[in-house]
Amino acid sequence: MAALSDAKRLVVKIGSALLVDAETGKLRQDWLTSLASDVARIKARGTDVILVSSGSIALGRGVLGLPLTSLALEQSQAAAAVGQIQLARAYEEALAPHGITTGQILVTLEDSEDRRRYLNSRATMETMLGLGVTPIVNENDTIATDEIRYGDNDRLAAQVAVTVGADQLILLSDVDGLYTANPKINSAAKHIDHVEKITAEIEAMAGDAGSGLSKGGMITKIIAGRIATEAGCAMAIALGTALYPLGKLENGAKATWFAAQTDPQAARKRWIASMKPRGTITIDAGAKDALGRGKSLLPAGVAQIHGSFGRGDLVAIIDTEGAQLGQGLIRYTSAEARQIMGRRTADIVDILGYEGRAALVHRDDMVL
């Protein structure tokens, strides 16, 4: 069974009901301060941490004096606009004393469904993590409508975990895991410590119930679990209401762990391998040798380009004799790629007029 102490890249989902007091609409400052201490301790041992946090609408409601009951779409979006500033500042002030820099990322469902946006999101978060920044991710409620919404941060957190190749996802909740039935209405319900695979039987155990401030229920957590575990990310549903929730989980607090079905890199490679190429990149012998040594494909090694494709589309990679070497997600359009092929990375800005990505196809986005 997975253990939080083993995480190399960790995504933590924080619900509104944990962060914001339901009666006052105010931030639970003591709780956030304790979470920041947990995050600092985990980061100190070399683990990357990404926080997916609800709370912008709940905090905005409090500032604007809006009711805690359901709001019209325009009211929710206005509350989110105000609350996002409050939320970002709260995390910045909580983590700064530990020497941790934070950055805010706002996304919608479209950002993960569109491959170009997906690659941009992935590259941005990878860069932030490489610089030691802790990303604070939330749904962009100021612009999101039902058609482009995740609708709950459980699924958003799972998608973020997939995007960054996390090996663990923790859903901090007002329940301590999955039960055989709803424990609030069935005293005979039994807690489940470990789920090896999410089956129809497991899904049937999920009853949909949430607080007034949060939109998720157990069913959304199980859906998130399926997304995460199939992408190689173990997931835990853990009680987050007490102070130092991650520390308590590390020390053996009751939770439900869902086993990863593969590892993140293998899952990503399978996804890339299953796609149909939109174009073909012919590379020279030097680039072929570099790919064999685990390097990314740079523009300098490209000899020919065939087809029409956009950023984020899949392309086949072949050698000068026509043998397919692999395929990957390209970071330039076909028109841009033709302009920079055979040229040095340092020349890209002069050719295209802007600072582009160094690699045409990054090794993490490639299957050989």
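In this numbering scheme, every chain counts its residues from 1 along its sequence in written order. Local features are withheld for residues below a pLDDT of 70 in this predicted model, meaning they are given only at 70 or higher, and side-chain atom pairs are given and counted only at 80 or more; totals for whole chains, interfaces and linings count all residues. Derived side-chain values reflect all non-hydrogen atoms in the structure, with water molecules and hydrogen atoms excluded from consideration.

Although it is not a glycine, Y244 adopts a positive phi angle of roughly 55 degrees. A run of H or I in DSSP counts as a helix once it spans at least four residues, and a run of E counts as a strand once it spans at least two, with each numbered from the N terminus. Residue placement: Y244 occurs in the loop between strand 9 (234-239) and helix 10 (245-250). Buried means the residue's accessible area, taken with a 1.4 Å probe over protein chains only, is under 20% of the maximum for its type, while exposed means over 50%, and partly exposed covers the values in between. The exposure class of Y244 is partly exposed, given its relative accessible area of 42%.

What follows deals with the sheet that holds strand 12 (residues 302-307). Reading across from one edge, 12-11-13-14-15 is the order of the 5 strands in this open sheet, with mixed pairing throughout. Edge positions in the sheet fall to strand 12 and strand 15 (366-367), since each of these pairs with one other strand and no more. Where strand 11 (residues 279-283) lies against strand 12, 5 bridges are found, and the strand directions are antiparallel. Bridging across to strand 12, I281 finds its partner in I305. Contact criterion: two residues are considered in contact whenever any of their non-hydrogen atoms come within 4.5 Å of each other. The axes are straight lines fitted to the C-alpha atoms, using for helices just the contacting stretch, and the angles between their N-to-C directions are given from 0 to 180°. The strands that helix 11 (residues 264-273) touches are strand 13 (314-318), strand 14 (324-329) and strand 15; relative to strand 14, the one it contacts most, it runs at about 105 degrees. When DSSP locates at least two bridges between a pair of strands, those strands are taken to pair.

Our focus in this paragraph is the pairing of strand 4 (residues 134-139). For strand 4, the buried fraction is high: 6 of the 6 residues fall into the buried class. Burial of the side chains of strand 4 extends over both faces: T134, I136 and N138 are buried on one face and P135, V137 and E139 on the other. In this structure, strand 2 (residues 48-53) lies alongside strand 4, joined through 2 bridges in parallel fashion. Bridge pairing in strand 4 places L51 opposite I136. Pairing analysis gives 6 bridges linking strand 3 (residues 102-107) to strand 4, with the strands arranged parallel. Its bridge partner being in strand 4, I105 is matched across the sheet by V137.

Take helix 3 (residues 56-64) next. The set of residues buried in helix 3 consists of S56, I57, A58, L59, G60 and R61. Residues of helix 3 that are buried in the fold lie against helix 1 (16-19), helix 4 (73-95) and strand 4. Count one or two residues on from helix 3 and you reach G65, which has phi positive near 70 degrees.

Glancing now at the layout of surface pockets. Every definition here rests on a 1 Å grid over the protein atoms only: cavities are sets of points where a 1.4 Å probe fits but cannot get out, pockets are open sets enclosed by protein on both sides within 12 Å along at least five of seven lines, and lining residues have some atom within 4 Å of a point. Grid points are joined across faces, edges and corners, and a volume is the space filled by probe spheres set on the points. When its volume is computed, the second largest pocket comes out at roughly 400 Å³. Forming the boundary of the second largest pocket are 20 residues, of which Y118, V162, P264, A267 and R268 lie nearest the centre. Looking at the lining of the second largest pocket, the elements that each hand over two or more residues are helix 5 (109-113), helix 6 (115-130), helix 7 (153-164) and helix 11. The element contributing the most residues to the lining of the second largest pocket is helix 11, with 6 residues. Nonpolar residues are Ala, Val, Leu, Ile, Met, Phe, Trp, Tyr, Cys and Pro. Charged residues are Asp, Glu, Lys and Arg, and all others, Gly as well, are polar. Residues that form the lining of the second largest pocket fall into these classes: 7 nonpolar, 4 polar and 9 charged.

Structurally, T229 can be placed in helix 9 (residues 218-230). By the criterion applied in these results, polar contacts are pairs of N or O atoms within 3.5 Å in which, for protein atoms, one can donate a hydrogen and the other can accept it, and in which residues neighboring in sequence qualify only through two side-chain atoms. Side-chain polar atoms of T229 contact the backbone oxygen of G225, separated by 2.7 Å. Discounting chain neighbours no more than four positions away, the residues touching T229 are I198, F258, A259, A260, Q261 and T262.

Our focus in this paragraph is the sheet that holds strand 8 (residues 194-195). Pairing is mixed in the open sheet, where 8 strands are placed in the order 3-4-2-1-5-9-10-8. Among the strands making up the open sheet, the edge pair consists of strand 3 and strand 8. Summarising the sheet, strand 8 and strand 10 (residues 255-258) pair through 2 bridges and their orientation is parallel. Among the inter-strand pairings, H194 is bridged to a residue of strand 10, identified as W257. Sitting on the sheet, helix 4 touches strand 1 (9-14), strand 2, strand 3 and strand 4, and the angle it makes with strand 3 is about 150 degrees. Across the sheet, helix 7 touches strand 1, strand 2, strand 3, strand 4 and strand 5 (168-173), and the angle it forms with strand 1 is around 165 degrees.

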